[in-house]
Amino acid sequence: MRLAEIMLLALALSFDCLGVGLSYGLKQMILPWYGVIIICGCSGLVLALSMFLGRWAGGYLPAEWMPVPGALLLMGLGLFMLSRSFKELVEEDDGEAPLFQIEIARFGIVVQILKEPHHADLDRSGRINTREAVWLGFALSMDSCGAGIGMAMLGYSPVITSLCTAAGGCICLWLGLSIGQHAGEESVWQSRRWKLLPGIILTLVGFIKLLV
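Model, not experiment: these values are computed from the prediction. Residue numbering note: each chain is counted from 1, following its sequence as written. A pLDDT threshold of at least 70 governs which residues receive local features in this predicted model, and a stricter bar of 80 or more applies before side-chain atom pairs are shown or counted, although totals over entire chains, interfaces and linings include all residues. Heavy atoms throughout the structure, all of them, feed into the side-chain values; hydrogens and water do not.

(A) Layout of the overall build of the protein. Strands are runs of DSSP state E lasting at least two residues, helices are runs of H or I lasting at least four, and both sets are numbered from the N terminus onward. On a plain count of helices and strands, the protein comes out with 8 helices and 2 strands. Across the protein, helices and strands are ordered from the amino to the carboxyl terminus as α-α-α-β-β-α-α-α-α-α. Exposure is judged per residue with a 1.4 Å probe applied to protein chains only, and the accessible area is read against the type maximum: over 50% gives exposed, under 20% gives buried, and values in between give partly exposed. Considering the protein as a whole, with its 212 residues, one finds that 44% of them fall into the buried category. Two residues form a contact once any of their heavy atoms are found within 4.5 Å. Taking all contacts inside the protein whose residues are at least 6 apart in sequence as the whole, residues at least 24 apart take part in 83%. Put simply, the protein shows about 11100 Å² of open surface, and 68% of that area lies on carbon and sulfur atoms. With residues, only the protein chains shown are counted as cover, and all accessible areas are computed by Shrake-Rupley using a 1.4 Å probe.

(B) Fine view of the side chain of serine 14. As for its position among the elements, serine 14 is in helix α1 (residues 2–26). In contact with serine 14, not counting residues within four places along its chain, are Thr165, Gly168, Gly169 and Cys172.

(C) Highlighting helix α4 (residues 130–140). Listed in full, the buried residues belonging to α4 are Glu132, Ala133, Leu136, Gly137, Ala139 and Leu140. Projected down its long axis, α4 shows its buried positions confined to an angular sector of 165 degrees, all on one face. This arc corresponds to the set of directions leading from the helix axis out to the C-beta atoms.

(D) Layout of the environment of phenylalanine 15. Considering the arrangement of structural elements, one finds phenylalanine 15 in helix α1. A C-alpha to C-alpha distance of 9.6 Å links phenylalanine 15 and leucine 196, two positions 181 residues apart in sequence.

(E) Spotlight on the packing of aromatic side chains. Each pair of aromatic rings taken from Phe, Tyr and Trp, with Trp reduced to its six-membered ring, is defined by centres within 6.5 Å and is described as stacked if the planes are under 30 degrees apart, edge-to-face if over 60, and tilted in the remaining cases. Following the criterion strictly, the structure yields 1 aromatic pair and no others. Centre to centre, the rings of tryptophan 33 and tyrosine 34 are 5.9 Å apart; their planes meet at 85 degrees, and the pair counts as edge-to-face. Relative accessible area serves as the criterion here: at 58%, tryptophan 33 is assigned to the exposed category.

(F) View of the pattern of salt bridges. In the sections that follow, a salt bridge refers to a side-chain nitrogen of Lys or Arg positioned within 4 Å of a carboxyl oxygen of Asp or Glu. Scanning the entire structure with this criterion turns up 1 salt bridge. With a shortest N-O distance of 3.1 Å, lysine 209 and glutamate 5 are connected by a salt bridge. Highlighted residues: lysine 209 in helix α8 (residues 196–211) and glutamate 5 in helix α1, separated in sequence by 204 residues. Residue glutamate 5 is classed as buried on the basis of its relative accessible area of 17%.

(G) Geometry of the side chain of threonine 161. Considering the arrangement of structural elements, one finds threonine 161 in helix α6 (residues 158–182). Residue class for threonine 161 comes out buried when judged on its relative accessible area of 1%. For threonine 161, the residues in contact, after removing those within four places along its chain, are Ile6, Leu47, Met51, Met151 and Tyr156.

(H) Fine view of empty space enclosed by the protein. Method remark: on a 1 Å grid restricted to protein atoms, a set of points is classed as a cavity if a 1.4 Å probe fits but cannot get out and as a pocket if it is open with protein on both sides within 12 Å along at least five of seven lines; lining residues have an atom within 4 Å of a point. Grid points are joined across faces, edges and corners, and a volume is the space filled by probe spheres set on the points. Counted by the stated rule, this structure contains 1 cavity of 30 Å³ or more. Taken as a whole, the largest cavity encloses approximately 60 Å³ of empty space. Along its surface, the largest cavity is lined by Leu13, Ser14, Asp16, Cys17, Cys40, Ser43, Leu140, Ser141, Ser144, Thr165 and Gly169. Every element with two or more residues in the lining of the largest cavity is listed here: α1, α2 (33–58) and α6. Each residue is assigned to one of three groups, with Ala, Val, Leu, Ile, Met, Phe, Trp, Tyr, Cys and Pro labelled nonpolar, Asp, Glu, Lys and Arg labelled charged, and all others, Gly among them, labelled polar. Its residues assigned to classes, the lining of the largest cavity comprises 4 nonpolar, 6 polar and 1 charged.

(I) Molecular detail of the state of the cysteines. Disulfide assignment relies on a single distance test, namely cysteine sulfur atoms paired within 2.5 Å. Applying the stated rule across the entire model yields 0 disulfides. Looking at cysteine 170, it has no disulfide partner, and the nearest cysteine sulfur is the one in cysteine 40, 3.5 Å off.

(J) Representation of the packing of α2 against helix α5 (residues 142–153). Think of each axis as a best-fit line through the C-alpha atoms, taken over the contacting stretch in the case of a helix, with angles from 0 to 180 degrees between the N-to-C directions. Between α2 and α5, the least distance of the axes is 7 Å, while the angle of their chain directions is 45 degrees. In terms of orientation, α2 lies oblique with respect to α5. Crossing geometry of α2 relative to α5 is assigned as right-handed. Listed contacts from α5 to Val46, Leu47, Ser50, Met51, Leu53, Gly54, Arg55, Ala57 and Gly58 of α2 are Ser144, Cys145, Gly148, Ile149, Met151, Ala152 and Met153. Looking at side-chain class alone, the contact of α2 with α5 contains 10 nonpolar, 5 polar and 1 charged residues. The cut-offs work like this: below 35 degrees is roughly parallel, past 145 is roughly antiparallel, 65 to 115 is roughly perpendicular, and the gaps in between are oblique. A crossing counts as left-handed when the near helix is turned anticlockwise from the far one by less than a right angle, and as right-handed when that turn is clockwise.

Spatial relationships are all this shows, so hold off on functional conclusions.
Put into structure tokens, the structure is as follows:
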């Protein structure tokens, strides 16, 4: 039962990879096999680190209290993701709002990954290189931080959960690439409804864990 829950949560955290694959496939961009591994490896690493952080923070709470903040974190993140995805569906979204941005004012450096993932191709080469894959991997793993802390407090294994999430990300990326290469613009637009599923899954799991 616990493994099934981990796989379900890993799937929820991997759905952004499906969207990236769809976008790359539609735009005929090249994502090498090692780029897929780097992107998903970064996601798994961030999740593992956040889960170890959650275990450390949970050490300051009585053991019987830990499931409550863990479940509330999952519910809060799920509702946030759900509202964000729903807003993207009902509004026209040109993909130009930053998903992840680092600015070093002293040196005039700004690195940003936009919601439209082909903008991660920083050198406009039509191919995602190692450096770009690392940036994209960390950008896609931002939602995993809060979820990882919550899952750790609920007692999930950091190693197993991060490995399942990395593997799920690889599968979703390859699946998205395959579908995107053979789908039209309308099909890819309709696939954006899938973005509601991660928020729904996290909210339901958090709610159930709060009750049991």
